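Observations on the model geometry
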There are 4 protein chains.
Amino acid sequence: MLVVMNAHAEQDQIDAVVERIRELGLVPHPIPGSTRTAIGITGNRGPENRDTLVMLPGVEDVIVVTAPYKLVSREVHPESTIIPVADTEIGGGFTIIGGPCSVENEEMIIGTARFLIERGVKLLRGGAYKPRTSPYSFQGLGEEGLKYLAKAREETGIGIVTEVMDVESAARIEDVADVLQVGTRNMQNYPLLRRLSKANKPILLKRGMAATVDEWLMAAEYILSGGNYQVILCERGVRTFADHTRNTLDLSIIPVVKHLSHLPVIVDPSHGTGKAEYVPAMSMAALAAGAHGLLVEVHPEPERAMSDGMQSLDFDTFTKMQQSLKPVAAALGVEIR
Amino acid sequence: MLVVMNAHAEQDQIDAVVERIRELGLVPHPIPGSTRTAIGITGNRGPENRDTLVMLPGVEDVIVVTAPYKLVSREVHPESTIIPVADTEIGGGFTIIGGPCSVENEEMIIGTARFLIERGVKLLRGGAYKPRTSPYSFQGLGEEGLKYLAKAREETGIGIVTEVMDVESAARIEDVADVLQVGTRNMQNYPLLRRLSKANKPILLKRGMAATVDEWLMAAEYILSGGNYQVILCERGVRTFADHTRNTLDLSIIPVVKHLSHLPVIVDPSHGTGKAEYVPAMSMAALAAGAHGLLVEVHPEPERAMSDGMQSLDFDTFTKMQQSLKPVAAALGVEIR
Amino acid sequence: MLVVMNAHAEQDQIDAVVERIRELGLVPHPIPGSTRTAIGITGNRGPENRDTLVMLPGVEDVIVVTAPYKLVSREVHPESTIIPVADTEIGGGFTIIGGPCSVENEEMIIGTARFLIERGVKLLRGGAYKPRTSPYSFQGLGEEGLKYLAKAREETGIGIVTEVMDVESAARIEDVADVLQVGTRNMQNYPLLRRLSKANKPILLKRGMAATVDEWLMAAEYILSGGNYQVILCERGVRTFADHTRNTLDLSIIPVVKHLSHLPVIVDPSHGTGKAEYVPAMSMAALAAGAHGLLVEVHPEPERAMSDGMQSLDFDTFTKMQQSLKPVAAALGVEIR
Amino acid sequence: MLVVMNAHAEQDQIDAVVERIRELGLVPHPIPGSTRTAIGITGNRGPENRDTLVMLPGVEDVIVVTAPYKLVSREVHPESTIIPVADTEIGGGFTIIGGPCSVENEEMIIGTARFLIERGVKLLRGGAYKPRTSPYSFQGLGEEGLKYLAKAREETGIGIVTEVMDVESAARIEDVADVLQVGTRNMQNYPLLRRLSKANKPILLKRGMAATVDEWLMAAEYILSGGNYQVILCERGVRTFADHTRNTLDLSIIPVVKHLSHLPVIVDPSHGTGKAEYVPAMSMAALAAGAHGLLVEVHPEPERAMSDGMQSLDFDTFTKMQQSLKPVAAALGVEIR
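A few points about the interface of chain A and chain B
Often, the extent of an interface is quoted as the loss of accessible area upon association of its parts. Opposite the 45 residues of chain A that make contact, chain B presents 45 residues. Summed over both partners, the interface of chain A with chain B buries about 3900 Å², with 53% contributed by carbon and sulfur atoms. Of all residues in chain A, Met55(A), Tyr136(A) and Met310(A) bury the most surface against chain B, accounting for 15% of the area lost on that side. Where chain A packs against chain B, one counts four salt bridges. Arg239(B) is paired through a salt bridge with Glu215(A); the nearest N and O atoms lie 2.5 Å apart.

Dropping the structure here:
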């Protein structure tokens, strides 16, 4: 940390700050300047003491220098993490996870699983429990949905990615799913993150709608710090003033996350754009930006979907998109899984 | 809803849309224009069918006209709601809720309660369970904290406002608290909202960091639709590019919420600004904007606080602020409680 | 500035940074920590050297400590600036500037001036040159509009506030106006700011739609640094995801600007909300937040206005609002002008 | 447009709205619904009348259906525009424009031009007039800079892209430049746009920091409506809460612009990220997203640059990036120019 004194701070104010830093068990390093004094601090282990110092008389600001996360950090763990899931892995290559927003019935989820596995896609997404903005909207099939997902895996061998919304249903979902998904609205649901830190399945952690990279990595840190090192990050667009897409897909976070952390990071172009028409371009861009995969909505009949139809690809469009990703991946030297 | 066809849409595309609207059990009203056709729709009860229609060939956009909330709406329930709590009420006047971010120990919470009740403040805030960005930060005293809150009420008669973070601890908190607070990170934690819709205590629902007014009111609708009509809304600042405050306090939502809904709405100037220095000005502004009260952080020794010290008022500053609110409230014809 | 080395930086990288700092004529102060080294820098006069240093091997980040503005800073100039204009002044009290978005014809602008001056309002706003999003919208009356403004002053003695959009028309507007207004879209139009730094009239500088407080104060610095010390800042709402108002009025910037700068700061609740219905609440809040005045749209017949009618107050509503501001101002000990 | 009446609107309010619509010369189409009435309107040519209607008693909202731009619209002009510049063209393929932020001296600009032309890059960017946040920062060499740019073209045959900041210097810059660049801060500088609508050179129009797609296209409409049909759009990142990059590069606007407009759209990954390290990934993503080119900062010695060094590529990095773009472009069937 660095304490910046204001220009008119008096010597005894500076001395009091130095004293307080020592009281906190830290080491002060005063740096007198021509217009103001700054005081470097070493020995601290987090941003906890910032508030205390910033309130002292004569202090203009206290700047936190060190990133707050540890276990997720590439500084601490330089090698990239690769997470084996079902018949494939996430990290390293480019792994596609496809499927509908919600599990709507047995037939459609098994049909989608079959379609995907034939196309070489090893992971099926599909929500049994759905967070919906309106209490009057379809909320998912719940346990029945989980059964259909289990059946889809049984019949096709596809791996299952599905959302967990609360501690209560976590065990049931853990039994069925290969990857537990945490939605954007739950990125900072800490009781849920703590529970998942004890899960023995990988966690797909979506970025919060308005989360900074530090907050996102700190949410992952909750999971790692409890003992579950298998976290897959997923960018899905953030809230901005821009109104031409449902969310603003922030692809620039891909190289930043890869710089800061060893965890794999994938992209959800369906929520990122909100419109099927723009999904292929953004999927291609995600691949080119260095993402480790896609979480993409695919539905046998988007115009009949019970949720998110507008942003779901039909089978034909998915097939075409997958075809067009291949030569680009080859050019990039990346394997599509 | 209104379907807007694109300029080059052909007649058979228009016919197909009209047909589909009828299939959905709704009534189409085509409006042919000079550059394009629009089709008004009546009979719909929510935005559910939008996705289906927007994907039909020739459709440029589908515009949802009707607000998605019902029970919270002032159109449905014109009289303003006033919620009795402990020895006071929220709605109508200007009710101050004060106290520390976290319950840190018995002495400080009882001391704060005594101070507040002497100053005429009837409601004490204080977190026993704390959502913290870092897993390594102080997470609250948990059940022990609840005990201290109960004791503070017992000894002073003050009402208790405290945060509930999950379904699991809801019953325990319900036993102790007079108002259950839902934090900004949980505004769209639907399992939690559903649980609280069955609580017999009022819910203080903070606006999500990036929530639109519709999303906020829909979160309240979850609670009302389950049978709990006692919801207090709380603006606490939103995420924007602006970096001069911790969040951007959006006071303009106060008159908007009062126009759209019958529920009371208060303001948290502490999280809204993140700096004690700016809290009095924003508290004054909240009162003048028509808010029904304040949720404000007050701590006996902010510079020793275990969380949020930087934005907490000490007793002296709180007293001065309360004093300066009084004549303004009188000028506005509003009673401070 | 403070250079933060990354955790794995080697000693020779640290040495190279220290060396480069010296080359730049600055003084390095290395602060070795347990996980990483930081290097304080003194002697610098701006953020210019940041880029150079941040690119050196082993550097994680370079943090700029000192605010980039000087002349506008309260540290440099502790007394608050009060700017005399026409028959009144801005700064200190609470000065209302009222009038239509655009000058539409002689009759309406003189009628509005008469109404305002009778109500004790000493400054009339009204655009002769209008920045409009569409090239097909009414663009203002131009020179003819200026004539009507001049006539309004002649006949009523009211002071004139009007927008200047380019260097070309600046002299003509300077002849007529008492205050030259720079719109939100031109906050960083530097050739215009430089021209206005040579004007002998006060400048009303609106905050850019997405300007941070530093950028806003730096725009003012352009004007002061050229010799014109009469700058009035005006908050008018910023761009955020929120869709319940035209812009998000950021009242929390009022106490922040008053802390950082000696310049007066007023509020435009008309653009801030975009809806006349919400203007009185936000005007009241602006007063309570400590603003030095209002720039508010008033129109004899808002529903016939050629621009911004929706956010303009009619005479009755303005009168009522002004009446309701008075007791609040009195309670705050502030004089309304 | 569509007028939405509120649920309690009375019949005579509905009648009055219908009457007013007729007065405006438009055709009303009432659509009575179960909870409220809506009134479709045909015959309107822009959003002008919205304000008038929204203020009538009983009106809840007025929704504008038709996009406000015409000449830039793909509905009006279905074929994609390709703009010939110097020895190349923009639109269709993927055109790289490279060069330093500022022209710093003759040697560096000619050296950069030589380097680029050898690498097959046909367009050189470089600012002679620089908009800088601080009045104390380097503001560009002005006319001297223009001379060096002219010389660079003379000696190498490279085309020149340089920024125009005001009407005053437009003619001088028009003489030298092959493309006139309008910076993000001037996207809504309408006097400048009007002037450029009369220029006989293509205009590169950067998206404003907080501009919606409609506002951006309307700014282009200003230029087209004055007679200059050669506009190149350039996405350069927008202002959001995200702090991991200098701006948030909004690549999803690429397919949206291509859907809405016939104009070519390129990407500036240098300002978009603010860090050279992330430029190659975002350049690749821009190509994959379907952009028509790049505007990228290249400097012989970034660490000695007078501005924007931190986000400039050195020659080696640029060469590597260009090499890696080639196979991806080939895979996409796009020609790199």
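Read on for the rest.
Topic: the domain arrangement of chain A
Segmentation of chain A into domains returns domain 1 (2–63) and domain 2 (83–332). Computed over C-alpha atoms only, the centres of domain 1 of chain A and domain 2 of chain A are separated by 45 Å.

A look at the relation of the copies chain A and chain B
Once chain A is rotated about the relating axis by 180° and shifted along it by 0.0 Å, it coincides with chain B to within an RMSD of 0.0 Å. When the rotation and shift are considered jointly, the pair of chain copies conforms to a two-fold rotation axis. Scanning chain A for the C-alpha nearest the rotation axis identifies Ala210(A), at a separation of 3.0 Å. With an isologous cut-off of 70% or more, the 100% of interface residues of chain A that recur at the interface of chain B puts this contact in the isologous class.

Quick word on the sheet that holds strand E4 (residues 59–63) of chain A
All names here are of chain A. Taking strand neighbours across the sheet as the criterion, the four strands line up as E2-E3-E1-E4 in an open arrangement whose pairing is antiparallel. Looking at strand neighbours, the two that pair on one side only are strand E2 (27–32) and E4, the edges of this open sheet. Sheet twist, expressed as the average angle between the axes of neighbouring strands with direction ignored, equals 20°. Across three bridges, the pairing between strand E1 (residues 2–5) and strand E3 (residues 37–42) is antiparallel. If you follow Leu2 over to E3, its bridge partner there is Gly40.

Considering helix H4 (residues 143–156) of chain B
Residues and elements named next belong to chain B. Relative to the 20 Å expected for 14 residues at 1.5 Å per residue, H4 spans 20 Å between its end C-alpha atoms, a close match to the ideal helical length. The set of residues buried in H4 consists of Gly145, Leu146, Tyr148, Leu149, Ala152 and Thr156. Summarising the axial view, the buried residues of H4 lie within an arc of 160°, below the 170-degree limit, and thus occupy one face. In H4, those exposed residues whose orientation departs by more than 90 degrees from the buried face are Lys147 and Glu154. Structurally, H4 contributes buried residues whose contacts are with helix H3 (106–118), strand E8 (123–125), strand E9 (159–163) and helix H5 (167–176).

So, the interface of chain A and chain D
Contact residues are listed per partner, giving 35 residues for chain A and 35 residues for chain D. Of the roughly 2800 Å² buried where chain A meets chain D, counting both sides, 74% is carbon and sulfur surface. When residues of chain A are sorted by the area they lose upon contact with chain D, Phe241(A), His244(A) and Tyr278(A) head the list and together hold 23% of the total. There are zero salt bridges connecting chain A and chain D. Taken together, the connections running from chain A to chain D amount to four residue pairs in polar contact (both at pLDDT 80 or more). Residue assignment for the side of chain A that touches chain D shows that the elements contributing at least two residues are helix H8 (253–260), helix H10 (279–289) and helix H11 (315–332) of chain A. Looking at which element gives the most residues to the side of chain A that touches chain D, the answer is H10(A), with six residues.

Digging into the packing of aromatic side chains
Residues and elements named next belong to chain B. Inspection of the entire model under this criterion finds twelve aromatic pairs over all chains. Where Phe115 meets Phe318, the ring centres are 5.9 Å apart and the plane angle is 70°; that geometry is what we call edge-to-face. Of this pair, Phe115 sits in helix H3 while Phe318 sits in helix H11 (residues 315–332), and the two are 203 residues apart along the sequence. For the pair Tyr190 and Tyr222, a centre-to-centre distance of 4.4 Å together with 20° between the ring planes defines the contact as stacked. Linking Tyr190 in helix H6 (residues 190–196) with Tyr222 in helix H7 (residues 213–225), this pair joins segments that are 32 residues apart in sequence. Relative accessible area serves as the criterion here: at 2%, Tyr190 is assigned to the buried category.

Thoughts on the pairing of strand E10 (residues 179–182) of chain D
Residue and element names in this part refer to chain D. Every second residue of E10 is oriented toward a common face, with Val179 and Gln181 on one face and Leu180 and Val182 on the other, all of them buried. By the bridge criterion, three bridges tie strand E9 (residues 159–163) to E10 in an arrangement that is parallel. Across the sheet, Val161 pairs through a bridge with Val179, a residue of E10. Crossover handedness for the path E9 to helix H5 (residues 167–176) to E10: right-handed. Chirality of the crossover, the property in question, places the unit of E10, helix H6 (residues 190–196) and strand E11 (residues 203–206) among those that are right-handed.

Let's talk about the relation of the copies chain A and chain D
When chain A is fitted to chain D, the best match, at an RMSD of 0.0 Å, comes from turning it 180° and sliding it 0.0 Å along the axis. Comparing interface residues between copies, 100% of those in chain A also sit at the interface in chain D, which points to an isologous, same-surface contact.

Some points on the packing of helix H10 (residues 279–289) of chain B against helix H10 (residues 279–289) of chain C
Axis separation between H10(B) and H10(C) bottoms out at 7 Å; the angle between their running directions is 155°. Relative to H10(C), the element H10(B) lies roughly antiparallel. In this structure, the crossing between H10(B) and H10(C) has a hand that is right-handed. Side by side, H10(B) and H10(C) meet where Ala281(B), Met282(B), Met284(B), Ala285(B), Ala288(B) and Ala289(B) of the first sit next to Ala281(C), Met282(C), Met284(C), Ala285(C), Ala288(C) and Ala289(C) of the second. Among the residues forming the contact of H10(B) with H10(C), the class breakdown is twelve nonpolar, no polar and no charged.

Criteria and cut-off values
Residues numbered from 1 in each chain as written. Chains lettered and ligands numbered in written order. Predicted model: local features only at pLDDT ≥ 70, side-chain atom pairs only at ≥ 80, totals over all residues. Heavy atoms only, no water. Contact = heavy atoms within 4.5 Å. Buried area = accessible area lost by both parts, 1.4 Å probe. Salt bridge = Lys/Arg side-chain N within 4 Å of Asp/Glu carboxyl O. Domains from an automatic or database assignment. Least-squares fit on C-alpha atoms with pLDDT ≥ 70 in both. Pairing = 2+ DSSP bridges. Helix = DSSP H or I, 4+ residues; strand = E, 2+ residues; numbered from the N terminus. Axes fitted to C-alpha atoms, helices over the stretch in contact; angles between N-to-C directions. Expected span 1.5 Å × (residues − 1). Buried < 20%, exposed > 50% of the residue type's maximum accessible area, 1.4 Å probe, protein only. Arc of directions from axis to C-beta. Polar contact = N/O pair within 3.5 Å; in protein donor to acceptor, adjacent residues only side chain to side chain. Phe/Tyr/Trp six-rings, centres within 6.5 Å; stacked < 30°, edge-to-face > 60°. Right-handed = clockwise from strand over helix to strand, strands pointing away. Parallel < 35°, antiparallel > 145°, perpendicular 65-115°, else oblique. Left-handed = near helix turned anticlockwise from the far one by under 90°. Nonpolar A, V, L, I, M, F, W, Y, C, P; charged D, E, K, R; others polar.

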